[in-house]
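This is what each chain is made of:
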Amino acid sequence: MATTDRQARTLALAHALSAAERGLAVIPLSRTKLPALRSPHHDDPAPAGRPCHGECGRFGHGVYDASSDPARVRALFAAAPWATGYGIACGLPPYHLIGVDLDTKTGTDSSAALRELALRHLFTIPETVVVLTPSGGRHLWLTGPPDTVVPNSAGRLAPGIDIRGAGGYLVGPGSRTDRGVYTAAPGTARLAPAPCPPSLLRLLLPPPRAPHPVPPSAGGHGQGLVQFVLAAHEGQRNTRLFWAACRAYENGIGPALLAPLVAAARDTGLTEREARATIASAARLTGHRP
């Protein structure tokens, strides 16, 4: 058994390095398919504020550790010598990978569901990399546009179809898990991931946000500040909200813009409590009463 485990660990690193040579960013995985490295903040909490995504310089931040640099990949696996698999981060250059996970555990025919979607929305499922899972499922690798963020989802497209997008990862072929080994489907291992059909891409993206009404007293400047907050990515949300709230109070429209700014911040993923606390800090800094 020890020999088998040792071989699995050696093969995992070899497969991960091979993927990295193709420009794919990888992380070590345990037999449970989860990142092999424990968060360094489990017993040592990150500073208050947004979660640490590796800024501390230590390993253990899941997909945020992913790299295609061979030296870093070796360092990651050296820190997790028990890893028997590797994950491939989605949404990163050069491929901006999108994974279509056709599951079998729901009792539905997810492959048939995808073919039905293709017929209904007039797209062709392209020839691409396909990875076979130990449970009988399939992962289709597709590429997305560099300026488009595809979110992760489970069953939203159709029952049994999960999507791996930005912030997610796919178990790489050659990985050994508790259920078996992930393998590339015959004839697909050396293919480049195919571009995601535009009609399918539209289905993967969240619906456009409804515009947040801005009180007439706030004017066009107020609308611009709301849009500035709405455009925030993870890691920018508090900073953008604070900046916009400061400008609003400096221009005398802070109270009128409070509700629209809170609503915009909630759309980006902040809680209402976080948004109101940030806006209150901006009000105090600019000499106003929140």
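The rules we used
Residues numbered from 1 in each chain as written. Predicted model: local features only at pLDDT ≥ 70, side-chain atom pairs only at ≥ 80, totals over all residues. Heavy atoms only, no water. Helix = DSSP H or I, 4+ residues; strand = E, 2+ residues; numbered from the N terminus. Contact = heavy atoms within 4.5 Å. Areas by Shrake-Rupley, 256 points an atom, 1.4 Å probe, with all protein chains shown as cover. Expected span 1.5 Å × (residues − 1). Buried < 20%, exposed > 50% of the residue type's maximum accessible area, 1.4 Å probe, protein only. Arc of directions from axis to C-beta. Polar contact = N/O pair within 3.5 Å; in protein donor to acceptor, adjacent residues only side chain to side chain. Core = buried A, V, L, I, M, F, W, Y, C linked by side-chain atoms within 4.5 Å. 1 Å grid on protein atoms, 1.4 Å probe; cavity = no way out; pocket = protein on both sides within 12 Å on 5 of 7 lines; lining within 4 Å. Points joined across faces, edges and corners; volume = space filled by probe spheres on them. Nonpolar A, V, L, I, M, F, W, Y, C, P; charged D, E, K, R; others polar.

K.L.:
Which residues make up the overall build of the protein chain, and what are the values?
P.N.:
Each helix and strand in the protein chain was counted, giving 8 helices and 12 strands. Summarising its shape, the C-alpha atoms of the protein chain cover approximately 70 × 50 × 30 Å along the three principal directions. A separation of at least 24 residues holds for 70% of the contacts in the protein chain among residues at least 6 apart in sequence. When the accessible surface of the protein chain is split by element, carbon and sulfur atoms take 57% of a total near 14900 Å².

K.L.:
Give a detailed account of helix H3 (residues 110-121), specifying residues and quantitative values.
P.N.:
Along an α-helix, residues three or four apart share an orientation, since each turn contains 3.6 residues. A rise of 1.5 Å per residue sets the reference length of H3, with its 12 residues, at 16 Å; its end C-alpha atoms lie 16 Å apart and thus fit the reference within 8%. Where H3 is concerned, the buried positions are Ser110, Ser111, Ala113, Leu114, Leu117 and Ala118. Here the buried residues of H3 occupy an arc of 160 degrees about the axis, which is enough to place them on one side. Among the exposed residues of H3, those oriented more than 90 degrees off its buried face are Leu119 and Arg120. Where H3 is buried, its residues meet strand S3 (97-102), strand S5 (138-143), strand S6 (153-158), strand S7 (161-164) and helix H4 (198-204). Put simply, Asp109 is the residue that caps the front of H3, since its side-chain oxygen is 3.3 Å from the backbone nitrogen of Ser111. Of the residues flanking the end of H3, it is Leu122, one or two places downstream, whose phi is positive at about 60 degrees.

K.L.:
Please give an account of the nonpolar core that cites residues and values.
P.N.:
Core analysis: the biggest nonpolar cluster contains 31 residues, and Val26, Val73, Phe77, Tyr86, Ile88 and Trp141 have the highest contact counts within it. Elements with a minimum of two residues in this core: helix H1 (2-21), strand S1 (26-29), helix H2 (70-79), strand S2 (85-89) and strand S8 (169-171). The biggest single contributor to this core is H1, with 5 residues. Not counting chain neighbours up to four residues away, the residues in contact with Ile88 comprise Leu24, Ala25, Val26, Leu97, Trp141, Gly168, Tyr169, Leu170 and Gly172. Counting residues in each nonpolar core, the second largest holds 23 residues, with Val214, Leu225, Ala264 and Ala283 among its members.

K.L.:
Kindly report on the layout of surface pockets, identifying the contributing residues and their values.
P.N.:
Estimated volume of the second largest pocket: approximately 320 Å³. The wall of the second largest pocket is formed by 19 residues, among which Lys33, Asp101, His139, Arg164 and Tyr182 lie closest to the centre. When contributions to the lining of the second largest pocket are tallied by element, the ones reaching two or more residues are S3, S5, S7 and S8. Residue contributions to the lining of the second largest pocket peak at 3 residues, all from S8. Residue classes in the lining of the second largest pocket are distributed as 6 nonpolar, 5 polar and 8 charged.

From the geometry alone we can't say anything about function, so treat these as descriptive.
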